[in-house]
Amino acid sequence: MSSLPRRAKVQVQGVLPKDEFSSFSELSSASEEDDKEDSAWEPQKKVPRSRKQPPPKESKPKRMPRVKKNTPQISDGSEVVVKEELNSSVAIADTALEDRKNKLDTVQTLKTAKTKRKCSAQPHAAQRTKKLKVDEETSKASNLEGESNSSETPSTSTMWGGTCKKEENEDDFTFGQSPLKKMKTETCPQGQPVKFPANANNIKEEVEMNWDIVQVLSERTNIEPWVCANTIRLFNDDNTIPFIIRYRKELINNLDADSLREVQQTLEELRAVAKKVHSTIQKIKKEGKMSECLLKAMLNCKTFEELEHVSAPYKTGSKGTKAQRARQLGLEGAARALLEKPGELSLLSYIRPDVKGLSTLQDIEIGVQHILADMIAKDKDTLDFIRNLCQNRHVCIQSSLAKVSSKKVNEKDVDKFLLYQHFSCNIRSIHHHQILAINRGENLKVLTVKVNISDGVKDEFCRWCIQNRWRPRGFARPELMKILRDSLNDSFKRLIYPLLCREFRAKLTSDAEKESVMMFGRNLRQLLLTSPVPGRTLMGVDPGYKHGCKLAIISPTSQILHTDVVYLHCGQGFREFVILFLIEAAAHVVIGNGTACRETEAYFEVWKMIFPFFCLLSIVSEAGASIYSVSPEANKEMPGLDPNLRSAVSIARRVQDPLAELVKIEPKHIGVGMYQHDVSQTLLKATLDSVVEECVSFVGVDINICSEVLLRHIAGLNANRAKNIIEWREKNGPFINREQLKKVKGLGPKSFQQCAGFIRINQDYIRTFCSQQTESSGQIRGVAVTSSADIEVTNEKQGKKKSKTAVNVLLKPNPLDQTCIHPESYDIAMRFLSSIGGTLYEIGKPEMQQKINSFLEKEGMEKIAERLQTTVHTLQVIIDGLSQPESFDFRTDFDKPDFKRSIVCLEDLQVGTVLTGKVENATLFGIFVDIGVGKSGLIPIRNVTEAKLSKTKKRRSLGLGPGERVEVQVLNIDIPRSRITLDLIRVL
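Thresholds, definitions, all that
- Residues numbered from 1 in each chain as written.
- Predicted model: local features only at pLDDT ≥ 70, side-chain atom pairs only at ≥ 80, totals over all residues.
- Heavy atoms only, no water.
- Buried < 20%, exposed > 50% of the residue type's maximum accessible area, 1.4 Å probe, protein only.
- Helix = DSSP H or I, 4+ residues; strand = E, 2+ residues; numbered from the N terminus.
- Polar contact = N/O pair within 3.5 Å; in protein donor to acceptor, adjacent residues only side chain to side chain.
- Core = buried A, V, L, I, M, F, W, Y, C linked by side-chain atoms within 4.5 Å.
- Contact = heavy atoms within 4.5 Å.
- pLDDT = per-residue confidence, 0-100.
- Pairing = 2+ DSSP bridges.
- Axes fitted to C-alpha atoms, helices over the stretch in contact; angles between N-to-C directions.

Novice: In this structure, what is going on with helix 7 (residues 213-221)? I would like to understand it.
Specialist: Because each turn of an α-helix spans 3.6 residues, side chains separated by three or four positions end up pointing in the same direction. Turning to helix 7, its buried residues are Ile213, Val214, Val216, Leu217, Ser218 and Thr221. Backbone nitrogen of Val214 and a side-chain oxygen of the N-cap are separated by 3.2 Å at the start of helix 7; the cap is Asp212. Remark: Asn222 follows helix 7 within two positions and exhibits a positive phi of approximately 60°.

Shown next as structure tokens:
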């Protein structure tokens, strides 16, 4: 269906974590052979059994040891030890003290749980006891291992039985642009799937289903079941995507952010279906219409379409289906007798002349036919057969021009859908953008859409039903076989075919919307990660004709130095001396790509030729600048400034720090999407917010200088927490180290765990601040400053308010706080530093890089990780954090497009002209490139080949994103429709 490659599914052999998958997976924990049989499931036994289980009482003993808060430990060496309680969703190697204290409690709890389960479980007690024994043995083994490693500090993540698969681009440790999924080529990359501890949080769901949520999630996302199980646990424990991607990589088998986001969205969809099933079951039960067969059919539903098909006859206010009315007349027994005992069936005995629907033999035959058709259409095996049959046969979707008689349709809308007025394509090969275009045309009443299933599918389906599934269990007279055939035809035409059409359309639309949203997210990510131009004074220009060009000069720290309005193109008080003064003040001029952009650029080009100090001229997208300029956020940030001048300030800041400026604008207004108004707005907003959080977190923020708007997008933080951090900073001064974040109101242990690794503290700024405070008072806010890097403890009270921690922490700048290393890995980092003979003050220096390289060549990554009792992924993060300089920024180098100066409008273009431009937007059908003529040209996706892409950039896919410079050739020019077709020559 799509030209994009999908992740190949791999069958993983190994023990999967099954003991805490909630009620979703309890039904599927039995043997696979029972799942294959229709009669294996007993709804009236399963449902009540889950209610009899005592809810939270059994889990309280397990949670008690985890409630304790660990106070900061006193260190002996020159290291900062922050022993915070780790995420319970990750298996860790506990210290000897923890193990000796919890070993007996854990074993006793498991034995108690085993005894209770053995008494309460009826059908599968033996299998559950076996599982519990395995969990108990696993727990004992982990405790023994913890005792043997009692001198070690808990690692960031789980120890692996084998080596971890490396990413393709090892240079990019924090954030890799991976628009497409990686292909799986190994059956078990890590040797053994990760096993969570037996006392991890249970996955509680609201309703039991006849399918396992882990298996269904694995099938829909093509990701290994053990990865899906780990992912569910991580999300249930409120872990964020940036935190999982960086600090829990081994638990998700190196999934990228887009794949992890897809798993999250699919999981939410399955849970939404389960909740809907639960509410529908309760509603039907209240009405007294629930039956065992209906309950089983509803618990088999995996999509909203299936649930709608099953529950439609039981909706409130429904007059009932034809089958229901026939059943009310008492004809269900005749229908069942036709299948089970056709020789004994006599339809004449059901005739009642005074009852409508039973007065003639023909009425009785029609009633029996409706009941059989309903039974066939709701049979799981029958629906599975027809679905599989359609997957292997030709099923196409067709669109044609709608016959509009009463309502008038805009002629421009009709012209837009010229390609789809006589369109037909196989549903397996149709592209996502074609589905979205067809849906839009149908909503505008321009197109009529239908799904065409060939007659051969119907004939084969009816033949299979008569010969196999719905074959009578005895000799049936010809008149009875005629009723059965009519029932099959009626069931397929009236019930099954509409259901299949709805399912196909819903699946195609859902996949197309997801791909469109993912494409939007990839474009937004690349736009947000455009390299900044720090340390320069910039002049932003919002060009215009009648209302003039709005100018704004900002300082290297983004402060507004000067604003003005000049009329360059209308002759209204043209002030060259103002322009000259502004150009001299800001050597870098940034022009928005809106109206009068090309003329304004040509004007500044003249000044660039005259004055040598004019060094740089660039053009940026001004999408969303006007909306932001009138927003409350802009009014709060720039009070009293004209909204037109605010847009010029925003344009300049987009070059100085694109990420910090673009996060202020709602992502859907940035203009890098495809069919964004036709997709689910809830899904779009959730995805784009997640991408913004991902980008801001991976880049990192300096906690002492960042804005509140930027801070609220850090993983684990929100608007209230960001506001509290800013208020704490204004009241108490700058943060000295990451530990002080725990003193902020509303920032608990979980929030600290999620955000700490993405917050930076500039050490030069803190040292200067500490030295100034030491000289003046010798203390920082009543806390003594020591000369070592340790965290010391004092019993002195801080104030009247009760502190969040039991002790007061003596503060000292910690060089590790400027790195991407998480505080829970500080002890491992210090031990690694001692192994290579390095110090904290060598972080980011060439000497540190040399020591690390020589040590890795000598020992090897895996041996070092094993010695430090951590994983290769955690060790890699530590190495990256220690070797990267303090001002490291993984965002790409800043590029500026240079257009042909003689081409300023569409009429100047000629076929065959070679131009350079900048990618403005990427879609599923092509790449839009700004070539400087006021209208973007389109490179069809078929012209984007691997040979034309830049080899210096280690690409993982054939995708081009916003901001990239390309060299293109004009293939076609359609002036009436303002369309330009381009061919990609190369990526600059």
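Novice: Is there a simple way to explain the nonpolar core in this structure?
Specialist: Taken as a class, soluble globular proteins show a tendency for nonpolar side chains to be buried jointly. Membership of the largest hydrophobic core comes to 109 residues, with the highest contact counts inside it found for Val277 and Leu711. Looking at this core, the element that brings in the most residues is helix 10 (residues 257-286), giving 10 residues. With residues near it in sequence (within four places) discarded, Val277 still touches Met209, Met298, Leu299, Cys301 and Leu307. Residues Ala373, Phe417, Cys465 and Ile927 belong to the second largest nonpolar core, which totals 83 residues.

Novice: How do you make sense of the confidence of the model for the protein chain when you look at a structure like this?
Specialist: Low pLDDT marks regions whose predicted coordinates should not be analysed in detail. Averaged over all residues, the pLDDT of the protein chain equals 75, while 70% of them reach at least 70. Note that residues 197-202 has pLDDT below 50 and, in this model, 20 contacts with residues that lie over four places away or in other chains. Between residues 778-809, whose pLDDT stays under 50, and residues either more than four places distant or in other chains, the model counts 72 contacts.

Novice: Before we go on, may I ask you to explain the side chain of His370 in this structure?
Specialist: The residue His370 is located in helix 15 (residues 361-377) in this model. For His370, a relative accessible area of 14% gives the class buried. Residues contacting His370, with those up to four places away along its chain left out, are Lys322, Ala323, Asp490 and Arg494.

Novice: What is the right way to look at the sheet that holds strand 3 (residues 447-453) in this model?
Specialist: Across a sheet, paired strands are connected by hydrogen bonds in the backbone, their directions being either parallel or antiparallel. The three strands are arranged 2-1-3 in an open sheet whose pairing can be described as antiparallel. Each of the sheet's edge strands pairs with one partner strand only, and the pair in question is strand 2 (422-426) and strand 3. Strand after strand, the sheet turns through a mean of 15° between neighbouring axes, direction not considered. Note: strand 1 (residues 395-401) against strand 3, seven bridges, orientation antiparallel. Counterpart to Val395 in the pairing with strand 3 is Ile453. Contacts from helix 18 (residues 432-443) reach strand 1, strand 2 and strand 3, with the element oriented near 125° to strand 3. Along the sheet, helix 20 (residues 478-528) makes contact with strand 1 and strand 3, crossing strand 3 at roughly 115°.

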